[in-house]
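Close look at the chain arrangement
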Number of protein chains: 2
Amino acid sequence: MEDELYDLADLFKVFGDSTRVRLLYELLSGEKNVGDLSDALNMNQSAVSHQLRLLKQSDLVKVRRDGKSMYYALSDDHVESIIKIGMEHITEKKK
Amino acid sequence: MEDELYDLADLFKVFGDSTRVRLLYELLSGEKNVGDLSDALNMNQSAVSHQLRLLKQSDLVKVRRDGKSMYYALSDDHVESIIKIGMEHITEKKK
DNA sequence: TGAACATATGAACAGTTGAACATATGTTAG
DNA sequence: CTAACATATGTTCAACTGTTCATATGTTCA
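Heads up: these notes are all about the structure in this document. Everything numeric here is computed off the predicted structure, so don't read it as measured data.

All names here are of chain A. Inspection of the secondary structure assignment puts Tyr-71 in strand 3 (residues 69–74). In sequence terms Tyr-71 and Ser-38 are 33 residues apart; their C-alpha atoms lie 13 Å from each other. Setting aside anything within four residues of it in sequence, one finds Tyr-71 in contact with Glu-31, Lys-32, Asn-33, Lys-62, Val-63, Arg-64 and Asp-66. Polar side-chain contacts of Tyr-71 include one of 3.4 Å to the side chain of Asn-33.

A pair of packed helices is captured by two measures, namely the crossing angle of their axes and the spacing between those axes. Closest axis-to-axis distance for the helix 1 (residues 2–15) of chain A/helix 2 (residues 18–27) of chain B pair is 8 Å, and the angle between their directions is 125°. Considering the angle they form, helix 1 of chain A stands oblique to helix 2 of chain B. With respect to the hand of their crossing, helix 1 of chain A and helix 2 of chain B are arranged in right-handed fashion. In this structure, helix 1 of chain A uses Glu2(A), Leu5(A), Tyr6(A), Leu8(A) and Ala9(A) to contact helix 2 of chain B, whose residues at the interface are Ser18(B), Val21(B), Arg22(B) and Tyr25(B). Classifying every residue of the contact of helix 1 of chain A with helix 2 of chain B by side-chain character gives six nonpolar, one polar and two charged.

Ranked by size, the top nonpolar core spans 54 residues in total, and within it Phe15(A), Leu24(A), Phe15(B) and Leu24(B) carry the most contacts. Every residue in contact with Phe15(A), bar those within four places of it in the chain, is listed here: Val21(A), Leu24(A), Leu60(A), Val79(A), Ile82(A), Ile83(A), Ala9(B) and Phe12(B).

Glancing now at the protein's contact with DNA strand C. Taken together, 23 residues form the shell around DNA strand C, and within it Arg20(A), Ser46(A), Gln45(B), Ser46(B) and Tyr72(B) come nearest. Each atom of DNA strand C within 4 Å of the protein belongs either to a base or to sugar and phosphate, the latter forming 64%. Contact between DNA strand C and His50(A): a base nitrogen at 3.5 Å from a side-chain N or O atom of the residue. If you list the elements that add at least two residues to the surface near DNA strand C, you get helix 2 (18–27) and helix 4 (45–57) of chain A together with helix 3 (34–41), helix 4 (45–57) and strand 3 (69–74) of chain B. Within the surface near DNA strand C, the residues separate by chemical class into four nonpolar, 13 polar and six charged.

Turning next to the sheet that holds strand 2 (residues 61–66) of chain B. Residues and elements named next belong to chain B. Spatial strand order, 1-3-2: three strands in an open sheet with antiparallel pairing. Each edge of the sheet is formed by a strand with only one pairing partner; in this case those strands are strand 1 (32–33) and strand 2. Two strands pair when backbone bridges link them, and strand 2 and strand 3 are joined in this way by six bridges, in the antiparallel orientation. Each residue of the ladder has a partner; that of Arg-64, found in strand 3, is Tyr-71. Against the sheet, helix 2 touches strand 1, strand 2 and strand 3, its axis set at about 90° to strand 3. The strands touched by helix 4 are strand 2 and strand 3; relative to strand 2, the strand with the most contacts, the crossing angle is about 120°.

Superposing chain B onto chain A takes a rotation of 180° plus a shift of 0.0 Å along the axis, which leaves an RMSD of 0.0 Å. On this basis, the relationship between the two copies can be described by a two-fold rotation axis. Most of the interface of chain B is mirrored in chain A: 100% of its interface residues are interface residues there too.

All names here are of chain A. The end-to-end C-alpha distance of helix 4 is 18 Å, a good match for the 18 Å that 13 residues give at a rise of 1.5 Å each. Taken residue by residue, helix 4 has Val-48, Gln-51, Leu-52 and Leu-55 as its buried positions. Viewed along the axis of helix 4, the buried residues span an arc of 105°, placing them on a single side of the element. Opposite its buried face, helix 4 presents the exposed residues His-50, Arg-53 and Gln-57, each directed more than 90 degrees away. Buried positions along helix 4 lie against helix 1, helix 2, helix 3 (34–41), strand 2 (61–66) and strand 3. Structurally, the start of helix 4 carries an N-cap: the backbone nitrogen of Ser-46 is 2.9 Å from a side-chain oxygen of Asn-44. Following helix 4 by one or two positions, Asp-59 adopts a phi angle in the positive range, close to 60°.

How each quantity is defined
- Residues numbered from 1 in each chain as written.
- Chains lettered and ligands numbered in written order.
- Predicted model: local features only at pLDDT ≥ 70, side-chain atom pairs only at ≥ 80, totals over all residues.
- Heavy atoms only, no water.
- Helix = DSSP H or I, 4+ residues; strand = E, 2+ residues; numbered from the N terminus.
- Contact = heavy atoms within 4.5 Å.
- Polar contact = N/O pair within 3.5 Å; in protein donor to acceptor, adjacent residues only side chain to side chain.
- Axes fitted to C-alpha atoms, helices over the stretch in contact; angles between N-to-C directions.
- Parallel < 35°, antiparallel > 145°, perpendicular 65-115°, else oblique.
- Left-handed = near helix turned anticlockwise from the far one by under 90°.
- Nonpolar A, V, L, I, M, F, W, Y, C, P; charged D, E, K, R; others polar.
- Core = buried A, V, L, I, M, F, W, Y, C linked by side-chain atoms within 4.5 Å.
- Buried < 20%, exposed > 50% of the residue type's maximum accessible area, 1.4 Å probe, protein only.
- Near = heavy atom within 4 Å.
- Pairing = 2+ DSSP bridges.
- Least-squares fit on C-alpha atoms with pLDDT ≥ 70 in both.
- Expected span 1.5 Å × (residues − 1).
- Arc of directions from axis to C-beta.

Keep in mind these numbers describe shape, not what the thing actually does.
Set out below in structure tokens:
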């Protein structure tokens, strides 16, 4: 159990960055390629690509190639659940 | 919405550290004082106190004083939900 | 009041991290 | 094959973070 808590912290570390959270949020509405994501976040391609890599490593997103583009998508719906509950905490806190 | 994503990242940042996650986990079984928590994590009192402060600031824990001791407890059950879903992601990933 | 205890706070230092820049890899069309 | 495009990777650096040590604050009890 102790070990799992370390893995858990590592997982949340991934959610603990605004760039990555915004990427995940963008992907809630469906798969997108790197260019789309760079535009959406208004960040350079390299930064986005680096962060997508981390998301991939944590199995939060999956990728498929289509021609020259790489399409990223959420890998399962835990992501949506986690974001949803986090949001609840935030909005309740503001009351 | 954009703003909320930054707050969300800040929230997860708090979960993204093993010391803090372990503290939250300890508190799942009920309120504990700082000494108990230091012993449980085998960390010095100062480090634990510093981290508890962050947890407090994020409204993840609440405190009450009883004599010389400060008793910390989870402030609501979002914490439990978040940990639970995170764990699910991890265990599914291992399959 | 003052000693002993429990916790909090401040400062400093090492380790980590995200972004930017440059460049490499991989793909398609001509 | 090669130019143009899309994405990935390596490196560097400033900013941030967690722990430790020292010390301050707050509480109880004799």
